[in-house]
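So you can see what is in the structure, the chains are spelled out below.
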Amino acid sequence: MTTVPTTATKADTHKSYSMQQLAMRKLRKHKAAMISLAFIAVLALIAIFAPFIAPHDPNAQDLAGVYAPPSASYPLGQDELGRDLLSRIIFGSRVSLIVGFAVAFLSVFLGTLMGLLAGFFGGWVDNFISRFIEIMLSLPVLALQLVMSGLFLSSDAAIFKTIRENFGNSASVVIIITIFSVFGWMGTARLVRGEVLRMKNLEYVDAARALGASNNRVMWRHLVPNLLGIIIVSATFDVGSAILGEAALSFLGFGIQPPVSTWGNMLSNAQEVVLDKPWIPFYPGLAILFTVLAFNFLGDGLRDAFDPKSRH
């Protein structure tokens, strides 16, 4: 009795994988993205377990050790109030990741919603949203962020008083997240709109409509799952941009306010000694550099992984 051999080509094997599985297989081959992912995972663990990892209380002052250089007790030295730089950098990672992920989530959610509505319905809805996006993109974002941050942090308006009373020292974190989210959704909206314009006339969408699917079902059950690649990539880049933006505002004195420890306000406090005691600004600056680079490299890897033209 003879058996007929079965032939399975490489292409046939690939057909058994979903788009997400193929993307993850390709991502694992992107060395820079995988190293960045490992770095982000370690940073997240450091942020979560900061109280157990930090050698000192980040707000404990030792005026006898003002601007002290690195030592056995203080591996990265001490700042202008004698506080441990290492502990403040560790706790600062919490703020940076919270701001980064919160801004990315809110920006991507709003951008996806606006882009989905504009691309799917077209007509006056598309015109209105597209013109609004263009207006937002034409605004001097940094200047407006500085003005809004300064206004909101010192405003006597009831809503901002309530925020400050309820969130205490973290009120400035909430305000910064809100400001960055308001100005951070437009890029995602344009990407989603363009992709929805391409997908809404494809056969599987026409089939769903022929079977009686409502507009909401078509958008959320058929279009959004196929937008996940764009959404994930956009969110990854948004995290890095938000961390860098928060550091910039805090450096200028309009961001998250002390005693909350952030990498940006650590740099701001070190401006006067940047030449005499370079280790004071060096380490928080290095933390910002590596973290933003990690998210950007991860975003590049995800973009390549979800790009069908580069998948083989």
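Residues numbered from 1 in each chain as written. Predicted model: local features only at pLDDT ≥ 70, side-chain atom pairs only at ≥ 80, totals over all residues. Heavy atoms only, no water.

- If you look the protein up in an unreviewed UniProt entry, it shows as ABC transporter permease from Deinococcus antarcticus.
- In the Sequence similarities (unreviewed entry) part of its UniProt record, the protein is described as follows: "Belongs to the binding-protein-dependent transport system permease family." (UniProt positions renumbered as here; feature names shortened; annotations may be inferred.)

## What to know about empty space enclosed by the protein
Item 1. Within the structure shown, the criterion is met by one cavity of 30 Å³ or more.
Item 2. Looking at the largest cavity, its volume works out to about 40 Å³.
Item 3. Put simply, the parts of the chain that give the lining of the largest cavity at least two residues each are helix H5 (85–121) and helix H14 (263–269).
Item 4. Partitioning the lining of the largest cavity into residue classes produces three nonpolar, one polar and four charged. (1 Å grid on protein atoms, 1.4 Å probe; cavity = no way out; pocket = protein on both sides within 12 Å on 5 of 7 lines; lining within 4 Å. Points joined across faces, edges and corners; volume = space filled by probe spheres on them. Helix = DSSP H or I, 4+ residues; strand = E, 2+ residues; numbered from the N terminus. Nonpolar A, V, L, I, M, F, W, Y, C, P; charged D, E, K, R; others polar.)

## With respect to the environment of Lys200
Item 1. With respect to the helices, strands and loops of the structure, Lys200 is situated in the loop between helix H10 (186–199) and helix H11 (203–210).
Item 2. Owing to a relative accessible area of 15%, Lys200 belongs among the buried residues under this scheme.
Item 3. Note: C-alpha distance between Lys200 and Leu223 (23 residues apart in sequence) is 7.6 Å.
Item 4. Aside from chain neighbours lying at most four places away, what touches Lys200 is Gly119, Phe120, Val205, Asp206 and Arg209.
Item 5. Of note is the side chain of Lys200, whose polar atom sits 3.0 Å from the backbone oxygen of Gly119. (Buried < 20%, exposed > 50% of the residue type's maximum accessible area, 1.4 Å probe, protein only. Contact = heavy atoms within 4.5 Å. Polar contact = N/O pair within 3.5 Å; in protein donor to acceptor, adjacent residues only side chain to side chain.)

## A word on the layout of surface pockets
Item 1. The computed volume of the largest pocket comes to approximately 770 Å³.
Item 2. Lining the largest pocket are 32 residues, with Leu191, Gly229, Ile230, Val233 and Ser234 sitting closest to its centre.
Item 3. With nine residues, the top contributor of residues to the lining of the largest pocket is helix H13 (residues 228–251).
Item 4. Classifying every residue of the lining of the largest pocket gives 15 nonpolar, ten polar and seven charged.

## Side note on the pattern of salt bridges
Item 1. Within this structure, the stated rule accounts for seven salt bridges.
Item 2. Here Asp79 and Arg83 are joined by a salt bridge, their closest N and O atoms 2.8 Å apart. Here Asp79 matches Arg83 in class, with each residue buried.
Item 3. Between Arg88 and Asp79 there is a salt bridge, with its nearest N and O atoms 3.7 Å apart. When sorted by exposure, Arg88 lands in the same class as Asp79, which is buried.
Item 4. Connected through salt bridges with shared partners, the residues Asp79, Glu80, Arg83 and Arg88 form a single ionic network. (Salt bridge = Lys/Arg side-chain N within 4 Å of Asp/Glu carboxyl O.)

## As for helix H12 (residues 215–223)
Item 1. Where H12 is concerned, the buried positions are Val218, Met219 and Leu223. Down the axis of H12, the buried set is contained in an arc of 95°. They therefore lie on one face. Of the exposed residues in H12, the ones pointing more than 90 degrees away from its buried face are Asn216 and Arg221.
Item 2. Against H5, H10 and H11 lie the buried residues of H12. (Arc of directions from axis to C-beta.)

## Regarding the environment of Val224
Item 1. Relative to the elements of secondary structure, Val224 occurs in the loop between H12 and H13.
Item 2. A residue is classified by how much of its surface remains accessible, and Val224, at 14% relative accessible area, is buried.
Item 3. Along the chain, Val224 and Val196 lie 28 residues apart, while their C-alpha atoms are 8.9 Å from each other.
Item 4. Residues within four places of Val224 in sequence aside, it is in contact with Leu116 and Met219.

## Details of the packing of aromatic side chains
The description of an aromatic ring pair uses the distance of the two centres, along with the angle that the planes make with each other.
Item 1. Evaluated as defined, the whole model comprises six aromatic pairs.
Item 2. Aromatic pair Phe101 and Phe295: ring centres 5.9 Å apart, planes at 75°, arrangement edge-to-face. With a gap of 194 residues between them, Phe101 in helix H5 and Phe295 in helix H15 (residues 279–306) connect regions that are remote in the sequence.
Item 3. Relative accessible area serves as the criterion here: at 44%, Phe101 is assigned to the partly exposed category.
Item 4. In this structure Phe295 comes out as buried when scored by relative accessible area, which is 3%.
Item 5. Ring centres of Phe132 and Trp185 lie 5.8 Å apart, and the angle between their planes is 25°; this geometry places the pair in the stacked category. Highlighted residues: Phe132 in helix H6 (residues 123–138) and Trp185 in the loop between helix H9 (171–182) and H10, separated in sequence by 53 residues.
Item 6. Classification of Phe132 by relative accessible area gives partly exposed; the value is 35%. (Phe/Tyr/Trp six-rings, centres within 6.5 Å; stacked < 30°, edge-to-face > 60°.)

## A look at unusual backbone geometry
Item 1. In the Ramachandran plot, Tyr67 falls in the positive-phi region, its phi being about 55° despite a non-glycine side chain.
Item 2. Along the polypeptide, Tyr67 turns up in the loop between helix H4 (50–53) and H5.

## Looking at the UniProt feature "transmembrane region" (unreviewed entry) in the protein
Item 1. Cross-referencing UniProt, the feature "transmembrane region" (unreviewed entry) maps to residues 32–54, 95–120, 132–153, 173–192, 227–256 and 282–302 in the present numbering.
Item 2. Strand forms 0% of residues 227–256 and helix 80%; the C-alpha atoms that close the span are 33 Å apart.
Item 3. Here residues 282–302 is 100% helix and 0% strand, with 30 Å between the C-alpha atoms at its ends.

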